[in-house]
Amino acid sequence: MTVYRLLFSDLITRLGWRVLALVSLMTLIGLSEGTTIVLLLPLLNRIGVASAATQGLAIETMNKGLRLIGATTPAEILVVIVALAAVQTALFIALSWWNAKLARLYQGQRQSELFRAFVRARWSFVVNRKVGDLTNVIVTECDRLGIAFNILLAMISTSVVILIYFFLSMVVAWQVTLSLVGFASLSGLAMVRIYRMSYAAGQALHPLNAGLQSMLGEQLAAVKIIKATDGEGRAEDRVNSLVRRLEKANVFVSFLPAMVRGLLEFLAFVGLALIFVLGSKGMGVALGNVFVVLALFARLFPRITTLQANLHYLNGHVHAIDAISQLQSEAEAEAERQDNATDTLKIKLPTSLVVQNLEVKFGERKVLDRVSVTMAIPGMLAIVGGSGAGK
């Protein structure tokens, strides 16, 4: 769980007030979406579908609000529902755009900071590491971090909506709601082993990506030697071996979320069918209330399955924050001392290059004997002589 805390604290530190704004927007979207579904209850009443005689404070407040704006007929209530749905859609589009913008901003910041840390580190830090390791962190791992950022925001958004739907469902029919929540919890617990598998698979991606980039850099840099020694086949075998290992790891990371989502959607369908049959008869809940709760959970269960799937997707990418932070910390610890003086360094440039009484010997043979010369800077000096004269 350390990598999750590291990622979340990094988001809080870098985004600041934007996190609160994002959560507020997510809450507003969840409320507008849930309200449009709960408004089906007064609409069902108007068209003759039975509901509970006592609806509770929240539903009574909603009915008063409808009367206040003059929406009493089924058509008028339907207009209110459509208007709220339109507002919810517009907010969702705005949230999606903002998420994408912040994710790219966050990823770009980390890439710039890494490059800055690497170029300001001591020479020993650079030469003791493969170039592929450094470029892999800046390119591949930062790309995985951007994906993890998007997934985490999606999970926060989904969690906010789930909580809102839960409270709205409790108001409408708490017996049916608790039954569905219990069923969903059991389904989630059944996926714990798969969660551990996806976490381990995601952890293995960083060294494989770094190894591939390092090997590609080495092989391409030595391509002349490889060709001269007839080593193309050996080079291909080394690269292909690593590519196949990376391929298996990526397939596993991509497959697990899809498998979890499929299993949970099947279980959700079974659960909804059972509750629909048992809700009005076994629990004594009015049919209209059961219908509204099922409508809420029909929207909610896909979100729960998406939340589970996103958790497995996050397992495949969240380890990037650990690799990035570790290498950046090592580079910053090896940083060269920077002179923070604001004054421009002034150096008096020489105006000439002066050589006095220069002597050069090769063994006993003297080739230059007390040569003195003065050359202007900037300037040009030509040394002319025949081939083999000793220029």
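Keep in mind it's a predicted model, so treat the numbers as computed, not measured.

Caption draft 1: The layout of surface pockets, seen in detail. Reported here for the largest pocket is a volume of approximately 370 Å³. The wall of the largest pocket is formed by 13 residues, among which Val-367, Leu-368, Ile-383, Gly-390 and Lys-391 lie closest to the centre. A per-element tally of the lining of the largest pocket places strand S2 (residues 365–376) first, with five residues. For the lining of the largest pocket, the class distribution of residues is nine nonpolar, two polar and two charged.

Caption draft 2: Region of interest: the packing of aromatic side chains. Taken as a whole and judged by the stated rule, the model has three aromatic pairs. Ring centres 6.4 Å apart and planes at 40° place the aromatic pair Trp-17 and Trp-98 in the tilted group. Of this pair, Trp-17 sits in helix H2 (residues 17–38) while Trp-98 sits in helix H5 (residues 74–120), placing them 81 residues apart in sequence. Judged by its relative accessible area of 59%, Trp-17 falls in the exposed class.

Caption draft 3: Structural view of a nonpolar patch on the surface. A surface patch of nonpolar side chains, about 400 Å² in accessible area, is lined by Leu-358, Phe-362, Val-367, Leu-368 and Val-371. Elements that contribute at least two residues to the nonpolar patch include exactly strand S1 (352–362) and S2. The leading source of residues in the nonpolar patch is S2, at three residues. Assignment of secondary structure puts Phe-362 in strand S1.

Caption draft 4: Quick look at the nonpolar core. Leu-7, Phe-118, Phe-149 and Leu-314 are the most contacted members of the largest nonpolar core, which has 41 residues in total. If you list the elements that add at least two residues to this core, you get helix H1 (2–15), H2, H5, helix H7 (131–172) and helix H14 (319–333). Among the elements that take part in this core, H7 stands out by supplying 13 residues, more than any other. Residues within four places of Phe-149 in sequence aside, it is in contact with Leu-11, Leu-15, Asn-99, Leu-102, Ala-103 and Tyr-106. Formed by ten residues, the second largest nonpolar core is a distinct cluster that contains Leu-208, Met-215, Leu-242 and Ala-249.

Caption draft 5: Inspection of the pairing of S2 at higher detail. Sheet topology note: the S1/S2 ladder contains eight bridges and is antiparallel. Across the sheet, residue Val-355 finds its bridge partner in S2, namely Val-373. Hairpin geometry of S1 and S2 is characterised by an intervening segment of two residues between the two adjacent antiparallel strands and by a positive phi of about 65° at Gly-363.

The rules behind the values
- Residues numbered from 1 in each chain as written.
- Predicted model: local features only at pLDDT ≥ 70, side-chain atom pairs only at ≥ 80, totals over all residues.
- Heavy atoms only, no water.
- 1 Å grid on protein atoms, 1.4 Å probe; cavity = no way out; pocket = protein on both sides within 12 Å on 5 of 7 lines; lining within 4 Å.
- Points joined across faces, edges and corners; volume = space filled by probe spheres on them.
- Helix = DSSP H or I, 4+ residues; strand = E, 2+ residues; numbered from the N terminus.
- Nonpolar A, V, L, I, M, F, W, Y, C, P; charged D, E, K, R; others polar.
- Phe/Tyr/Trp six-rings, centres within 6.5 Å; stacked < 30°, edge-to-face > 60°.
- Buried < 20%, exposed > 50% of the residue type's maximum accessible area, 1.4 Å probe, protein only.
- Patch = residues over 30% accessible without salt bridge, like charges linked within 9 Å, V, L, I, M, F, W, Y side chains within 5 Å.
- Areas by Shrake-Rupley, 256 points an atom, 1.4 Å probe, with all protein chains shown as cover.
- Salt bridge = Lys/Arg side-chain N within 4 Å of Asp/Glu carboxyl O.
- Core = buried A, V, L, I, M, F, W, Y, C linked by side-chain atoms within 4.5 Å.
- Contact = heavy atoms within 4.5 Å.
- Pairing = 2+ DSSP bridges.

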